[in-house]
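# Coordinates in review
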Amino acid sequence: MANHVSFPLLLFIIFYRVSAGRHVSVQTGGSITIPCSYDQYYINHVKYWCKGTHWTHCSSVVRTDHPKSTDRASISDDITQKVFTVIMTDLEPDDSNTYRCVVEINGGTDSMIQLLYLSVTPGTPELYVDQQEVTGVEGGSVTVHCYYTNSGDMKWCKMGGDCVSGFSGTLNGTSVTLKRTSDANNRTVLTVTMSGLKMENTDWYWCRVGELEMPVHITVSQQTATQRAFKMTSTTQDPTPQQPSASPTAEPVQTDNTSQGAEGNMEEVHQRSVKVLLISLGMLVVVTAGILVTWNMWRRHKDNKAKDQTTNNSVDPFPEADDDVTYSTVILQHKTQLKGQTKSAEPDDNVVYSSLALQVTTQQRAAAAQ
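Now for a quick tour of the structure. Here the structure is a predicted model, which means the values were calculated and not measured.

Scanning the entire structure with this criterion turns up four disulfides. At a sulfur-sulfur separation of 1.9 Å, the disulfide partner of C50 is C58. Of note, the bridge from C50 to C58 carries an S-S torsion of about 100° and is right-handed in sense. Classification of C50 as buried rests on a relative accessible area of 1%. When its relative accessible area of 17% is taken as the criterion, C58 is described as buried. Across the disulfide, C146 is cross-linked to C207 (sulfur-sulfur distance 2.1 Å). Taking the torsion about the S-S bond as the criterion, the C146 to C207 disulfide, at about 140°, is right-handed. With C146 in strand β11 (residues 141-148) and C207 in strand β17 (residues 203-209), this pair connects stretches of sequence that are 61 residues apart.

In any sheet, the strands associate via hydrogen bonds between backbone groups, in a parallel or an antiparallel arrangement. Spatially, the five strands line up as an open sheet ordered β9-β11-β16-β15-β14, and their pairing is antiparallel. In the strand order of this sheet, the two ends are held by β9 (127-129) and β14 (168-171), each with one partner. Neighbouring strand axes in the sheet, compared pairwise and without regard to direction, differ in orientation by 25° on average. Sheet analysis places β9 next to β11, joined by three bridges and oriented antiparallel. Bridge pairing links L127 to Y148 in β11.

Attention shifts here to a nonpolar patch on the surface. There is a patch of nonpolar side chains on the surface, built from V274, L277, L278, L281 and L284 and spanning about 460 Å² of accessible area. Within the secondary structure layout, V274 lies in helix α3 (residues 262-314). Exposure remark for V274: the relative accessible area of 34% places this residue in the partly exposed category.

Let us look at the pairing of β14. Inspection of the sheet shows β14 paired to strand β15 (residues 174-182) by four bridges, in the antiparallel sense. Of the residues in β15, the one forming a bridge with S168 is T177. Counted along the chain from β14 to the antiparallel partner β15, the turn is two residues long, and its residue N172 has a positive phi close to 55°.

A few words on the packing of aromatic side chains. The full count for this structure, using the stated rule, is five aromatic pairs. Ring plane angle 10° and centroid distance 5.2 Å describe the contact between W49 and Y99, whose orientation is recorded as stacked. Note that W49 is positioned in strand β3 (residues 47-51) and Y99 in strand β7 (residues 97-103), a separation of 50 residues in sequence. On the accessibility criterion, W49 (1% relative accessible area) is buried. On the basis of relative accessible area, Y99 is assigned to the buried category, the value being 1%. Ring centres of W156 and Y205 lie 5.5 Å apart, and the angle between their planes is 10°; on these two criteria the pair is classed as stacked. Within this pair, whereas W156 is found in strand β12 (residues 154-158), its partner Y205 is found in strand β17, the two being separated by 49 residues in sequence. You'll find W156 and Y205 in the same group, each marked buried. Its guanidinium or amino end placed over the ring of W206, R22 lies 3.9 Å from that ring's centre, counting from NZ or CZ.

About the cut-offs
- Residues numbered from 1 in each chain as written.
- Predicted model: local features only at pLDDT ≥ 70, side-chain atom pairs only at ≥ 80, totals over all residues.
- Heavy atoms only, no water.
- Disulfide = S-S within 2.5 Å.
- Buried < 20%, exposed > 50% of the residue type's maximum accessible area, 1.4 Å probe, protein only.
- Helix = DSSP H or I, 4+ residues; strand = E, 2+ residues; numbered from the N terminus.
- Pairing = 2+ DSSP bridges.
- Axes fitted to C-alpha atoms, helices over the stretch in contact; angles between N-to-C directions.
- Patch = residues over 30% accessible without salt bridge, like charges linked within 9 Å, V, L, I, M, F, W, Y side chains within 5 Å.
- Areas by Shrake-Rupley, 256 points an atom, 1.4 Å probe, with all protein chains shown as cover.
- Salt bridge = Lys/Arg side-chain N within 4 Å of Asp/Glu carboxyl O.
- Phe/Tyr/Trp six-rings, centres within 6.5 Å; stacked < 30°, edge-to-face > 60°.
- Lys NZ or Arg CZ within 6 Å of the ring centre and 35° of its normal.

The values are spatial; any link to function lies outside them.
Written out as structure tokens, the structure reads:
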């Protein structure tokens, strides 16, 4: 008998998928942060996160009046932004279910403000981001990478507000570009870039591809005086920055999920300063080494010259005769010729001369007497 699905069951499946609202996919062991926006009227009400396919059987998981009721879920309420957030960690396949953001109404029916279906899968999620918290600087830009394997329309939506689809658009006066590329791991990537950030852009956004969505929180902070100075310097050096391409076939751009405005300029100026410092230090080392080598060579030359002069001045080529030394006739003849030109060399009784030396001495005396 052929397998078939009954008409009532088919209607139930269709209704279930439609009523599930947002669809979020998370990997086993991972975590997810879900924002729930509410009306000003509910600021002082208790909010809670419940689990269950049917609204009448939705059991509370965590509540704002008991924020730590479970080890794997927590809740916090920001009454300034009118958003309460739920964080679920260490997710398991059994956590796959329909969840609801609910406001408790004392003496009446609780108000459901958001419906979400959470799918926990052991493999790679169908849609995910690197991180759900991204920071930027006023006047700068941020980039978010949404990795996906499913198909459908690509959108970047502000929670409770408008969406940007196609290749570009604006949200609250801020430029938004969408670009579909592939990374080094052959993953399809939707790259979302928000430029010209304003303080009011601080909010929750949803990256949406088909029926899947993933929330991302953008925080915009004010520039410091140092950041403004760096930005002005960088703008002067590079007055025509390249704008991101909106072509769906463009090559992927290697970016990260951090602010790229004044912080990027600060990083660029810092790198240039480091390069200049390293070059200066290198030149200083070379000059110092040259000076040391030259000075060492000059000192050695000076020491050698002084040594030669000392040796020449201390050596007597003709030392005085020692009475106890017997000279050869040749040495004595040479010495007598040098010293005897002005003074006759008297024979030394203590020196024993050879016959040849005596003959030379006699001849010298006779010549002197004449």
